[in-house]
Amino acid sequence: TEGGLLMKVRDRMAIGVKTVDMESSITEAFRLMKDNNIRRLPVMDKGKLAGIVTLTDLNQASPSSATSLSIHELNYLLAKTKIRDIIPKKQKLITIGPENYIETAAKIMRENTISGLPVVEDGKLVGIVTETDIFDALIDILGVRRQHTRIDIFLKDPPGSIAEVTGLVAARGINIINTVVYYEKRKGKYKMILRMEELNYEPVVAELKDKGYEVESVIVRDGND
């Protein structure tokens, strides 16, 4: 189900997106990418989103360095060649809405082997979300910069496992920094990653094991890694 990361595309997308038109030249597209340190550009056609062009597309459309053409001739060709000439004719336009969750964007990118998604709302381009945005979101969710203990636990099947785990930690007066729960296919079980401020983790781990939980690993972080 959606909502696992509790972050929406709106919270992570880049706004003020640089775009090109169908009639823009390859030279212009290269310049936009270089000046803005980006690798993809949404393509507009008469004010509407028509596709997306990547740095790879531009490089593949550019003459080979092995050509006998002069620099002047190469520049002329690049300036003459339009986005319309190089964008895949039957490109599948894949977009996402700003109210979708980040993991939905990640799933769409993974399934379609793409690294960026234009964000469209009410038929208008409002942003773009990339794999870098998703990595950053994951780091923000999982990254803890102060000292803590991370415990990886496989939950038991009966309902109430999450409450039991957090309850026994809380009962010891220990502050839980965050928790993440996901389905581990390899084990066929749900796994909890629990981060707590207490560095003396042995009593907690012992109690978890006494309650029948499988503790996969325990890591003490000093806040710098």
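Look above for the structure.
Definitions and limits used
- Residues numbered from 1 in each chain as written.
- Predicted model: local features only at pLDDT ≥ 70, side-chain atom pairs only at ≥ 80, totals over all residues.
- Heavy atoms only, no water.
- Salt bridge = Lys/Arg side-chain N within 4 Å of Asp/Glu carboxyl O.
- Helix = DSSP H or I, 4+ residues; strand = E, 2+ residues; numbered from the N terminus.
- Buried < 20%, exposed > 50% of the residue type's maximum accessible area, 1.4 Å probe, protein only.
- Arc of directions from axis to C-beta.
- Pairing = 2+ DSSP bridges.
- Contact = heavy atoms within 4.5 Å.
- Axes fitted to C-alpha atoms, helices over the stretch in contact; angles between N-to-C directions.
- Patch = residues over 30% accessible without salt bridge, like charges linked within 9 Å, V, L, I, M, F, W, Y side chains within 5 Å.
- Areas by Shrake-Rupley, 256 points an atom, 1.4 Å probe, with all protein chains shown as cover.

Asker: Where do I start with the pattern of salt bridges in this structure?
Answerer: In a structure, side chains of opposite charge can pair up when their charged atoms sit close to one another. As enumerated under the stated definition, the model contains 12 salt bridges in all. Two residues, Arg84 and Glu23, come together in a salt bridge whose shortest N-O distance is 2.7 Å. Of the two residues, Arg84 is situated in helix 5 (residues 83–86) and Glu23 in the loop between strand 1 (20–21) and helix 2 (26–36); the sequence distance between them amounts to 61 residues. We classify Arg84 as partly exposed; its relative accessible area is 35%. Between Glu214 and Lys189 there is a salt bridge, with the nearest N and O atoms lying 3.8 Å from each other. In this pair, Glu214 is assigned in strand 9 (residues 214–221) and Lys189 in strand 8 (residues 189–196), connecting sequence segments 25 residues apart.

Asker: What's the story with helix 6 (residues 102–112) in this structure? I'm lost.
Answerer: Because an α-helix packs 3.6 residues into every turn, residues spaced three or four apart end up facing the same way. For helix 6, the set of buried residues is Ile102, Thr104, Ala105 and Met109. Seen along its axis, helix 6 keeps its buried residues to an arc of 160 degrees; they face one direction. Of the residues in helix 6, the exposed ones pointing more than 90 degrees away from the buried face are Lys107, Arg110 and Glu111. Phi turns positive one or two residues past the end of helix 6, at Thr113, with a value near 50 degrees.

Asker: Any chance you could explain the sheet that holds strand 3 (residues 48–54) here in plain terms?
Answerer: Strands in a sheet are paired, the pairing made by backbone hydrogen bonds, and the direction either parallel or antiparallel. Strand order across the open sheet formed by three strands is 1-2-3, with mixed pairing between neighbours. With partners counted over all chains shown, the strands left at the sheet margins are strand 1 and strand 3, one partner each. Here strand 1 pairs with strand 2 (residues 40–45) via two bridges, running parallel. Pairing of Asp21 across the sheet is with Met44, part of strand 2. Relative to strand 2, helix 2 is tilted by about 135 degrees, and along the sheet it contacts strand 1, strand 2 and strand 3.

Asker: Quick question: what am I supposed to make of a nonpolar patch on the surface here?
Answerer: Together, Ile162, Val181, Tyr183 and Tyr190 make up an exposed nonpolar region whose accessible area comes to about 390 Å². Here Tyr183 is to be found in strand 7 (residues 176–184).

Asker: Looking at this structure, how should I read the pairing of strand 6 (residues 148–154)?
Answerer: Within a regular strand, the side chains alternate between the two sheet faces. Most of strand 6 is tucked away: seven of the seven residues are buried. A two-sided burial pattern is seen for strand 6, the buried positions comprising His148, Arg150, Asp152 and Phe154 on one face and Thr149, Ile151 and Ile153 on the other. Where strand 6 lies against strand 9, seven bridges are found, and the strand directions are antiparallel. Note on strand 9: the bridge partner recorded for Asp152 is Ser217.

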